[in-house]
Amino acid sequence: MLTKFETKSNRVKGLSFHSKRPWILASLHSGVIQLWDYRMGTLIDRFDEHDGPVRGVHFHKSQPLFVSGGDDYKIKVWNYKMHRCLFTLLGHLDYIRTVQFHHEYPWIVSASDDQTIRIWNWQSRTCISVLTGHNHYVMCATFHPKEDLVVSASLDQTVRVWDIGALRKKTVSPADDILRLSQMNTDLFGGVDAVVKYVLEGHDRGVNWAAFHPTLPLIVSGADDRQVKLWRMNDTKAWEVDTLRGHMNNVSCVMFHAKQDIIVSNSEDKSIRVWDVTRRTGIQTFRREHDRFWILASHPEMNLLAAGHDSGMIVFKLERERPAFAVSGDSLFYAKDRFLRYYEFSNQRDTQVIPIRRPGSTSLNQSPRTLSYSPTENAVLICSDVDGGSYELYCIPKDSINRGDSVQDARRGTGSAVFVARNRFAVLDKSSNQILVKNLNNEVVKKSLLPIAADAIFYAGTGNLLCRAEDRVVIFDLQQRMVLGDLQTPFIKYVVWSNDMESVALLSKHAIIIASKKLVHQCTLHETIRVKSGAWDDNGVFIYTTLNHIKYCLPNGDGGIIRTLDVPIYITKVSGNTIFCLDRDGKNRAIVIDATEYIFKLSLFRKRYDHVMSMIKNSQLCGQAVIAYLQQKGFPEVALHFVKDERTRFNLALESGNIQIAVASATAIDEKDHWYRLGVEALRQGNAGIVEYAYQKTKNFERLSFLYLITGNTEKLSKMLKIAEVKNDVMGQFHNALYLGNVRERVKILENVGHLPLAYITAKVHGLQEDAERLAAELGDNLPSLPEGKVPSLLMPPTPVICGGDWPLLRVMKGIFDGGLDNNARGTADEEYEAADGDWGEELDMVDVDGLQNGDVTEILEDGEVGEENEEEGGWDLEDLELPPEADTPKASVNARSSVFVAPTPGMPVSQIWTQRSSLAAEHAAAGNFDTAMRLLNRQLGIKNFGPLKSMFLDLHSGSHTYLRAFSSTPVISLAVERGWSESASPNVRGPPALVFNFSQLEEKLKAGYKATTAGKLTEGVRLFISILHTIPLVVVDSRREVDEVKELVIIVKEYVLGLQMELKRREMKDNPVRQQELAAYFTHCNLQVPHLRLALLTAMSVCFKAKNLATAANFARRLLETNPTNENQARTARQVLQAAERNMTDASQLNYDFRNPFVICGATYVPIYRGQKDVSCPYCSSRFVPSQEGQLCRVCDLAVVGADASGLLCSPSQIR
């Protein structure tokens, strides 16, 4: 049983599925009727008008209606679109048990405890027939799906079948007069519209339910005698065929399954039972803990059932409907109706291959679940849930693909199986959690224990398996028996690999996780509705289906809907814009889709702008969604080409900085807010003319004054002063006077508004004696005193940053889209904006046709109007706006050649030239591109810790530039210093950057390191050697020979760093003599210069000799003598140790050291890794480590991550050529 949806509520007495929508009605014992969407799992509506339990409910097949009947003796007909009850049918005298619409006529049949069945016409809202005959409660009554029959069940222990043929005839053709007469008679004297055809007696107790078979002349009934009975009928009689026993309590409901030969029944014994009609045996039983079942309903079209119980209801399926299939190249193998079938995508040919055994057991859900195919061996593995999971292996003879008749005996086994190689398949043994690899003879050839408790396995490339646990998936390599990737996920149901096996989509019930082949997470998409299937298209887009949509998922996690579906489908392959799929009946379908939207988004994501261009020109891409998407992804200039709506155009134009279109749209909209926003953007671009125009349109005088102040336009400022005077705006007057530095005006304004003390102080401070005396006389005794000893300074407006005109703008190259789009889009959409695009002056003049030419403010002063009513130009003279020509159009530049300065187009910065051509990290660092330098080092050498390199990056950058100072007010100009520059070099050809680090410096450092080691200054030596390791990634050499020398140097230095680190650690240790000896012994196995090796051997020898490990000491002495030491003391000591040891060749303590077995030393834990043991290495310095160190920082070079993937050291242009 596959539960699709469950509700918790009061006891459910009635259920009905909608024929088209994913809805189900549940009528409750509490009197409420609930309308649920079982696909989304949401309650859509509740209808609460019945008084007491509602026992019956039914949807109409085609109208937006449903009918309900309850214990209040009422039948109500509802319209679910209008959310209300349309009318109530009254007539029954007791509880109503069931109600049902007729599939064709406007009838409702109802059964009641008043021992009658009534048939109603819901259009005329009358009762058209009463069926009497039962002598106890009638528990149910239903119409036959095709014939004019009604079946009813009653507590009088009978099932009755009624013939309503006469009623139909009367409804269809009450034409003849004679008929009408006889009809009147029958209406008066009791009709014979419905007659009892059969009475089925056989149950010993009351019958609760009876139902017709959808196609055969069969009836099934269930009663309080705990039995389910099967009856057959013909034209004349009906008889009992068989009795199905098994329920432990009253059988409450029973029905035939529409698609399979089974009966489903439920009972107050808290179980649902499934019976085989042909064998008349029980197949399966589903039990609930505490809830008695009351009602069953089946979906009219789909394979869904619902059952109501004491605390809610469940919607469920008895069997999975997903066909098992496997895609191989251009073909598809799938299982259908006990046959393996073969389908070719190219010619859409479908053939039967071989019959597959349908399991003999009687339970449900035995159909194949998965299918795996090996194309080279032409073998198929079919897995099903029989016996808790089993597989069958069929080898298909080459010639039988088109015959489909040869019966084969399959090789069988338990567990789920999948091919992992040409002739090997893996079987999951859940009990021991191991994988058995078998050959085609079904013999085990290998066993592997799994690292996680897996409950399913999927193919993941040759020799690899994807193993699923509850909360994660891992990729397991069967050869090396190791985990290649691990990812936390919700419970995964299906796994879909891309054609190149580089990406994988993991499908869970409500999510899609896209990951790389090593299970590195790329994106997750969540769905509210169940995800059903998916496949990759040729562009790397994942196309998937939910229950009701085909959707797509781009590599960046963006998704969308391609189209809606009526019924769920299972995608098998996506080819171009055709989706091949299987439906639930196992039929192959090809659906053509419109891929434009996701290809467009994919091209944007992959920066394939040429594709985007051609799609915009040629396709019907439009709509708010695309515009919003372009805006969200930062392409407002592209969105602009889709939009006709002025407001949207305006917003997009501002976002992309396209002032021309913004002005045109603002003019068309002509609202204050839009002009204001235009002004802000124009100010940001330094386009003073447009700022001024926008402020004038909004009559924003304060801002205009300030604009004139910063652009130094004093002439217009004085006009602003006069306008403020006309408008009687004192504050505006004062501000303008202040901006102009006009002291007399300020004194006059202050005096006019009665601020005499302030006027006096202003006049006195600025030395306007006459005004000061006049004001002093007026003030008399109230004369304010000025502070003593202060020297007043004149408040003058600052000198403007730039006088008049616009900021000089550099020529802007057209965006990738503008050029291509303009030619096409211009024709229509931009016709009315031509003025805006061309020469600005005329367009702005149009605004002030009836305004004042030649800007003489005196006319405004004489014109008593104070500008408010004169909305059109607001007292503005717009003539002398010297608006700039547009930078882009040739037309403008011709007119503007003399007046407007166009700065030269900037060249490409040298640093950019350096980085464009180079894959050498040092050159990127010199160019100042630290980010790309770090990325390169990470890719080439696996470096992750850039702390030690920071100072070198800075040195490289500052060392490859020099700086010139031109004037005190201008910024410093940096110049690039090139490597190998000479005066004869061409000025246009750029050489690579001069670098401060070179190979010869490293050789010097190496010598210094050797010297420090000889002198025993080990800390100093380690510091020098590590600094060499840190510098090498940033050194560039010329020839291949030098490249080899650099790589050799890495190895030499690495050995010294490792050895000296061990020796320093040994010296720190005082209390662990065994470990001291081991470290001294390992030091002698580092690849050192001979003098240093002798010192190491001498140390090891003496340490072991003192610790009474004579045999080991003797080995060191022998090795020391083999180097022919030049220092006689060393040789003598060694000989003495040998003599002492020969007398007693024993070791006092056991060391982890075997000099006979070759080994390398782990750079982190300092333990030997003997030949044949697993190890991991540092991708840069190649130091070796024990496997547990993988992913840690290398302790030797302190830069790279142990075990990281890296392409190798790149230190010369000669490696790239």
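What you are looking at is a predicted structure, and each value in this text was computed from that prediction instead of being measured.

The rules we used
- Residues numbered from 1 in each chain as written.
- Predicted model: local features only at pLDDT ≥ 70, side-chain atom pairs only at ≥ 80, totals over all residues.
- Heavy atoms only, no water.
- Buried < 20%, exposed > 50% of the residue type's maximum accessible area, 1.4 Å probe, protein only.
- Helix = DSSP H or I, 4+ residues; strand = E, 2+ residues; numbered from the N terminus.
- Pairing = 2+ DSSP bridges.
- Core = buried A, V, L, I, M, F, W, Y, C linked by side-chain atoms within 4.5 Å.
- Contact = heavy atoms within 4.5 Å.
- Axes fitted to C-alpha atoms, helices over the stretch in contact; angles between N-to-C directions.
- UniProt positions renumbered as here; feature names shortened; annotations may be inferred.
- Arc of directions from axis to C-beta.
- Expected span 1.5 Å × (residues − 1).

Looking at this model, I keep getting lost on the pairing of strand E51 (residues 549-553). Mind explaining?
Look at any regular strand and the pattern is simple: side chains alternate between the two faces of the sheet. Buried residues dominate E51, accounting for 5 of its 5 residues. Side-chain alternation along E51 places His 549, Lys 551 and Cys 553 on one buried face and Ile 550 and Tyr 552 on a second face that is also buried. In the sheet, strand E50 (residues 542-546) pairs with E51 via 4 bridges, with the strands oriented antiparallel. Residue pairing in the sheet places Thr 545 in a bridge with Ile 550 of E51. Between E50 and E51, which pair antiparallel one after the other, the connecting turn spans 2 residues.

Whenever I open this one, the nonpolar core confuses me. Can you help?
Soluble, globular proteins show a tendency: their nonpolar side chains are buried together. Core analysis: the largest hydrophobic core is formed by 90 residues, its most contacted members being Leu 937, Phe 1025, Leu 1029, Ile 1032, Leu 1034, Tyr 1180 and Cys 1197. Of the residues forming this core, the biggest block, 10 residues, is contributed by helix H28 (residues 1040-1068). In contact with Cys 1197, other than residues within four places in its own chain, are Leu 1029, His 1030, Cys 1178, Tyr 1180 and Cys 1181. If you look at the next biggest cluster of nonpolar residues, it comprises 64 residues, including Val 638, Phe 642, Ala 662 and Val 663.

Looking at this structure, I do not really get the sheet that holds strand E24 (residues 271-276). What am I missing?
Either a parallel or an antiparallel arrangement is found when strands of a sheet pair, and the pairing is made through backbone hydrogen bonds. What the 4 strands build is an open sheet, ordered E22-E23-E24-E25; its pairing is antiparallel. Each edge of the open sheet carries a strand with a single partner, namely strand E22 (251-256) and strand E25 (281-287). Strand after strand, the sheet turns through a mean of 20° between neighbouring axes, direction not considered. Direction of pairing for E22 relative to strand E23 (residues 262-267): antiparallel, over a ladder of 5 bridges.

I would appreciate a short explanation of the UniProt feature "repeat: WD" (unreviewed entry) in the protein chain in the present structure.
Taking the numbering used here, the UniProt-annotated feature "repeat: WD" (unreviewed entry) corresponds to residues 47-88, 89-130, 131-164, 200-241 and 244-285. In the segment residues 131-164, helix accounts for 0% and strand for 59%; the C-alpha atoms at its two ends are 10 Å apart.

Looking at this structure, how should I read helix H16 (residues 769-779)?
Because the α-helix completes a turn every 3.6 residues, residues three or four places apart line up on one side. What H16 keeps buried is the set Asp 771, Ala 772, Leu 775 and Leu 779. Buried residues of H16, seen end-on, are gathered within an arc of 100° and therefore sit on one face of the element. In H16, those exposed residues whose orientation departs by more than 90 degrees from the buried face are Glu 770, Glu 773 and Ala 777. Contacts from the buried residues of H16 go to helix H14 (743-752) and helix H15 (756-765).

Teacher, can you tell me more about the pairing of strand E32 (residues 349-355) here?
By the bridge criterion, 6 bridges tie strand E31 (residues 339-344) to E32 in an arrangement that is antiparallel. Residue pairing for E32: Leu 340 is matched across the bridge by Ile 354. The turn joining E31 and E32, which pair antiparallel and follow one another in sequence, is formed by 4 residues; a positive phi near 55° is taken by Gln 348.

When you look at helix H26 (residues 999-1014) in this model, what are you seeing that I'm missing?
In this model, H26 (16 residues) spans 23 Å end to end at C-alpha, consistent with the 22 Å of a helix rising 1.5 Å per residue. Contact partners of the buried residues in H26: helix H27 (1018-1031), H28 and helix H30 (1090-1106).

Even after reading the chapter, I still don't get the sheet that holds strand E14 (residues 138-143), so can you show me in this structure?
Pairing within the open sheet is antiparallel, and its 4 strands lie in the order E14-E15-E16-E17. Each edge of the sheet is formed by a strand with only one pairing partner; in this case those strands are E14 and strand E17 (195-201). This sheet shows a mean twist of 20° between the axes of neighbouring strands, independent of strand direction. Strand direction decides the pairing type here: strand E15 (residues 149-154) and strand E16 (residues 158-163), joined by 5 bridges, are antiparallel. Across the sheet, Val 150 pairs through a bridge with Trp 162, a residue of E16.

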